[in-house]
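The primary structure of each chain is shown beneath.
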Amino acid sequence: MFDQPVTPVTKSQFLQYLRCNNAFHLVKEGIVPKPSSSSYGGYLEWGDFLQLCRNQFPTSATIDKTMDREESFLKTKEWILEKKSIFHAHLRYKHFVSTVEYLEYDPERDGWILWDFRPIGSIKQDILRSFYFHKQVAEGMSLNIVGYKLIRIQTKYLFPGDSITPEDYLLTEDITPRMESEAGTREEEWKQFQEEVERTNEQTVRFSFLDSKRSCRSLKTCLSPSHCAEGKENAKEIFDFRDSSELAKQWFALGYHSYETVPDSELTPIQKIQKQAHLTGKTYFDRNTFENYLTNVTKTVAFLDFESINPYIPLYPNTRPFQHIPYLYSLHIWDTENDTLTHKTYLHEDLGTDPRFPVLAQLQKDLPEGITIFSFSDFFEKLIIQETAAAFPEFLEFWERVKSLFIDLAMPFKKLWIYHPGQNGKASLKEILPCFSTESHGGLSIREGQDANYQYLRLIKKQVTAEEKKRVLEDLKAYCKLDSYGLFLIYRMLLERLSVI
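How each quantity is defined
Along each chain, residue indices are assigned from 1 in the same order as the chain's sequence is written. A pLDDT threshold of at least 70 governs which residues receive local features in this predicted model, and a stricter bar of 80 or more applies before side-chain atom pairs are shown or counted, although totals over entire chains, interfaces and linings include all residues. Side-chain metrics rest on all non-hydrogen atoms present in the structure, leaving aside hydrogens and water. Helix numbering and strand numbering both begin at the N terminus, where a helix is a DSSP run of H or I of at least 4 residues and a strand a DSSP run of E of at least 2. Side-chain atoms within 4.5 Å link the members of a nonpolar core, which is a set of buried Ala, Val, Leu, Ile, Met, Phe, Trp, Tyr and Cys residues. Here's how the labels work: a residue is buried when its accessible area is under 20% of the maximum for its type, exposed when over 50%, partly exposed in between, all with a 1.4 Å probe on protein chains only. Two residues qualify as a contact provided that any one of their heavy atoms is within 4.5 Å of a heavy atom in the partner residue. When DSSP locates at least two bridges between a pair of strands, those strands are taken to pair. When the strands point away from the viewer, a crossover counts as right-handed if the route from the first strand across the helix to the second turns clockwise. Lines are fitted to the C-alpha atoms to define the axes, a helix being fitted only along its stretch in contact, and any angle between axes, read from their N-to-C directions, falls within 0 to 180 degrees. Throughout, the term roughly parallel applies to angles under 35 degrees, roughly antiparallel to angles over 145, roughly perpendicular to angles from 65 to 115, and oblique to all others. Whether a crossing is left-handed or right-handed is set by the direction in which the near helix is turned from the far one by less than a right angle, anticlockwise for left-handed and clockwise for right-handed. Confidence of the prediction at every residue is given by pLDDT, a number between 0 and 100. Take the number of residues in a helix, subtract one, and multiply by 1.5 Å to get its expected span. What makes a salt bridge here is a side-chain nitrogen of Lys or Arg within 4 Å of a carboxyl oxygen of Asp or Glu, nothing more.

**Student:** What should I look at first to understand unusual backbone geometry in this one?
**Tutor:** What is expected of a backbone is that most residues other than glycine have negative phi and most peptide bonds are trans. If you check the backbone angles, His88 has positive phi at about 60 degrees while not being a glycine. Mapping His88 onto the fold places it in strand E2 (residues 86–93). The phi torsion at Phe322 lies on the positive side, around 70 degrees, for a residue other than glycine. Relative to the assigned elements, Phe322 resides in the loop between strand E8 (300–309) and strand E9 (325–335).

Right, dumping it as structure tokens:
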């Protein structure tokens, strides 16, 4: 049933091929390392999620992760012959290998059902492609595959407290009909993959950003521009043009490899602003638009930033999977008339309790009434307050009072009312701040929101020492503080430009 593999071809390689032919070869030949697929914090919850899924099948056999690879294949073969349902089944056919989360034997149809467990809220193409890869390996082993099922998360599930109710939290879907309806697409993808593997077996592959049927949409996301666009690595800058998408790839094919080479006739008004800024090295600033934008701003202003966790396994009563739960805020308050800056912050350190009520209770005390509140992409900050007020009605009046006071400080940068060439087409706070101030997130231990999320989850799950806990708490406060302080610096810069230009 099993052929001895020569060079194993895995599911991840198949998926990589479908995303980018070049990347598949670059990784396969060892020219570049395999891209990391792990997300911040996800594995902290994976074990609990997996156990909830496995509990639905209490009598099944399990391939232990302590087994070596060959032993896993042999044990899987043994149990398949005994028609046992298997967790973590290791399959092998020729040089293709795969690990199926759950391989269930269906005695009524004398066949096998492929299962996958995913902590997600919706089905994506990669899941269907993964199933098809498993199917090809399994059928190569002469297994009769009769169905495909997925356990994922019911995103509308409301955690009652105490313990998760699996029957409500887990959503089991039979995706066999969808697999059958898309069989033609999957077969064509598989055929092309097999042809590519056979065509290039033991050969050095020539990489080209343009020639590949499946290649990166942008050189900026390319695993190795020095291979895929040899001699033209610096052409990455044309992919910084806003809203260029596939158009930038066409420009590259036409020989436009820098800002100055792209004709103005090809560019939108926003892209022309970018080009001019990069050619002159000067910041673009739309004074009239900014004057209107800041017309109703109060003399004392606040700059607010929340940090949150969004676990897919809810931790607190009346919360949903993936819901953002605030545990920290930083608030800078600037009195423009007296030029005084005050900083307020709250970090919830009682890790065994729900942070939402104390966070909002303290914010309500710290935030002066009736003043303009600046946030970066203020949808997030408003959503945090709104959802917390919905859970704790005593804050509904506070929410009604502040929701109209927010101004989104990201908007001017997204709409290019202001543009610094150092932004390189980006509009995130991390990219903008160093362009307009001496401050940067580069020197911090925590430099992005996903990492802050992950670090606080580590604290909750007690995966740190007492000494490390103290350091992480300080790092979290420093990160959040710079975010709100950065907003102050940007706002002050805008006012200075309005008074000087």
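**Student:** Even after reading the chapter, I still don't get the nonpolar core, so can you show me in this structure?
**Tutor:** Residues Phe374, Leu409, Phe413, Tyr456, Leu476, Ile490 and Tyr491 are the most contacted members of the largest nonpolar core, which totals 53 residues. Every element with two or more residues in this core is listed here: helix H12 (287–293), E8, E9, helix H17 (429–436), helix H18 (449–460) and helix H19 (466–500). By residue number, the principal contributor to this core is H19, which donates 14 residues. Sequence-distant contacts of Ile490, that is, excluding residues within four places in its chain, are made with Leu409, Phe413, Leu429, Ile432 and Leu433.

**Student:** I would appreciate a short explanation of the pairing of E2 in the present structure.
**Tutor:** For a regular strand, side chains alternate in direction, first toward one face of the sheet and then toward the other. Taken across its eight residues, E2 has seven buried, putting it largely inside the fold. Where strand E1 (residues 61–62) meets E2, two bridges bridge the pair, whose relative direction is parallel. Within the sheet, the bridge partner assigned to Thr62 lies in E2 and is Phe87. Handedness of the crossover is the feature at issue here: the chain leaves E1, passes through helix H4 (residues 69–81), returns alongside E2, and the resulting connection is right-handed. As paired elements, E2 and strand E3 (residues 96–106) share seven bridges and run antiparallel to each other. Of the residues in E3, the one forming a bridge with Arg92 is Val97. Linking E2 back to E3 in an antiparallel pair, the connection comprises two residues, with Lys94 at a positive phi of about 55 degrees.

**Student:** Please explain the pairing of strand E5 (residues 145–153) as it appears in this structure.
**Tutor:** By the criterion of burial, E5 is predominantly enclosed, with eight of the nine residues buried. Examined bridge by bridge, strand E4 (residues 111–117) and E5 share six bridges and lie parallel to one another. Its bridge partner being in E5, Trp112 is matched across the sheet by Ile145.

**Student:** Would you mind showing me how to read the packing of helix H1 (residues 11–19) against helix H5 (residues 125–140) here?
**Tutor:** The relative placement of two packed helices is expressed as an angle between their axes plus a distance between the axes. Two elements in contact, H1 and H5, have axes separated by 10 Å at closest approach and are oriented at 130 degrees. It follows that H1 is oblique to H5 by the angle criterion. With respect to the hand of their crossing, H1 and H5 are arranged in right-handed fashion. Judged by residue contacts, Lys11, Phe14, Leu15, Leu18 and Arg19 of H1 engage Asp126, Arg129, Ser130, Phe133 and His134 from H5.

**Student:** How should I be thinking about the confidence of the model for the protein chain in this particular structure?
**Tutor:** Of the residues in the protein chain, 96% reach a pLDDT of 70 or more, and the chain-wide mean stands at 92. Counted against residues more than four places away or in other chains, residues 1–5, with its pLDDT under 50, gives 19 contacts.

**Student:** What's the story with helix H14 (residues 379–391) in this structure? I'm lost.
**Tutor:** Owing to its 3.6 residues per turn, the α-helix brings residues three or four apart onto one side. Compared with the 18 Å implied by 1.5 Å per residue over 13 residues, the 18 Å span of H14 between its first and last C-alpha is a close match. Here H14 has its buried residues at Glu381, Ile384, Ile385, Glu387, Thr388 and Ala389. Buried positions along H14 lie against E8, E9, helix H13 (356–366), strand E11 (372–375), helix H15 (396–402) and strand E12 (406–408).

**Student:** Any chance you could explain the sheet that holds strand E10 (residues 340–347) here in plain terms?
**Tutor:** In any sheet, the strands associate via hydrogen bonds between backbone groups, in a parallel or an antiparallel arrangement. Read from one edge of the open sheet, five strands run E10-E9-E8-E11-E12, paired in mixed fashion. Two strands lie at the open edges of the sheet, namely E10 and E12, each paired on one side alone. On average, each strand axis in the sheet is tilted by 25 degrees relative to the strand beside it, whichever way the strands run. Pairing analysis gives 10 bridges linking E8 to E9, with the strands arranged antiparallel. Within the sheet, the bridge partner assigned to Thr300 lies in E9 and is Asp335. On top of the sheet, H14 reaches E8, E9, E11 and E12; it is set at about 70 degrees to E8, its chief contact. Together, E8, E9 and E10 form the strand contacts of H18, whose direction differs from that of E8 by roughly 55 degrees.

**Student:** I tried to follow the environment of Lys382 on my own but got confused; where do I start?
**Tutor:** Relative to the elements of secondary structure, Lys382 occurs in helix H14. The partly exposed category is assigned to Lys382, whose relative accessible area is 24%. Remark: the alpha-carbon pair of Lys382 and Phe406, spanning 24 residues in sequence, is separated by 8.0 Å. Residues contacting Lys382, with those up to four places away along its chain left out, are Trp399, Lys403 and Phe406.

**Student:** Is there a simple way to explain the pattern of salt bridges in this structure?
**Tutor:** A side chain of one charge can pair with a side chain of the opposite charge if their charged atoms are brought near each other. All chains considered together, the criterion is met by 27 salt bridges. Linking Glu387 and Arg320 is a salt bridge whose minimum nitrogen-to-oxygen distance equals 3.1 Å. With Glu387 in helix H14 and Arg320 in the loop between E8 and E9, this residue pair connects regions lying 67 residues apart in the sequence. In this structure Glu387 comes out as buried when scored by relative accessible area, which is 19%. Residue class for Arg320 comes out partly exposed when judged on its relative accessible area of 31%. A salt bridge links Glu468 to Arg471; the shortest N-O distance between them is 3.4 Å. Placement of the pair is Glu468 and Arg471 together in helix H19, with a separation of three residues, close to one helical turn. Overall, Arg471 belongs to the partly exposed group, its relative accessible area being 42%.

**Student:** I keep staring at the sheet that holds E4 and nothing clicks. Help me out?
**Tutor:** Strand order in the open sheet formed by six strands is E1-E2-E3-E4-E5-E6, and the pairing between neighbours is mixed. Edge strands, defined here as strands with exactly one partner in the open sheet, are E1 and strand E6 (170–174). Sheet strands touched by H5: E2, E3, E4 and E5. Its angle to E3, the strand with the most contacts, is close to 85 degrees.

**Student:** So what exactly am I meant to see when it comes to the side chain of Ser484 here?
**Tutor:** The residue Ser484 is located in helix H19 in this model. In this structure Ser484 touches Phe303, Asp305, Ser330, Leu331 and His332, once residues within four positions along its chain are discounted.

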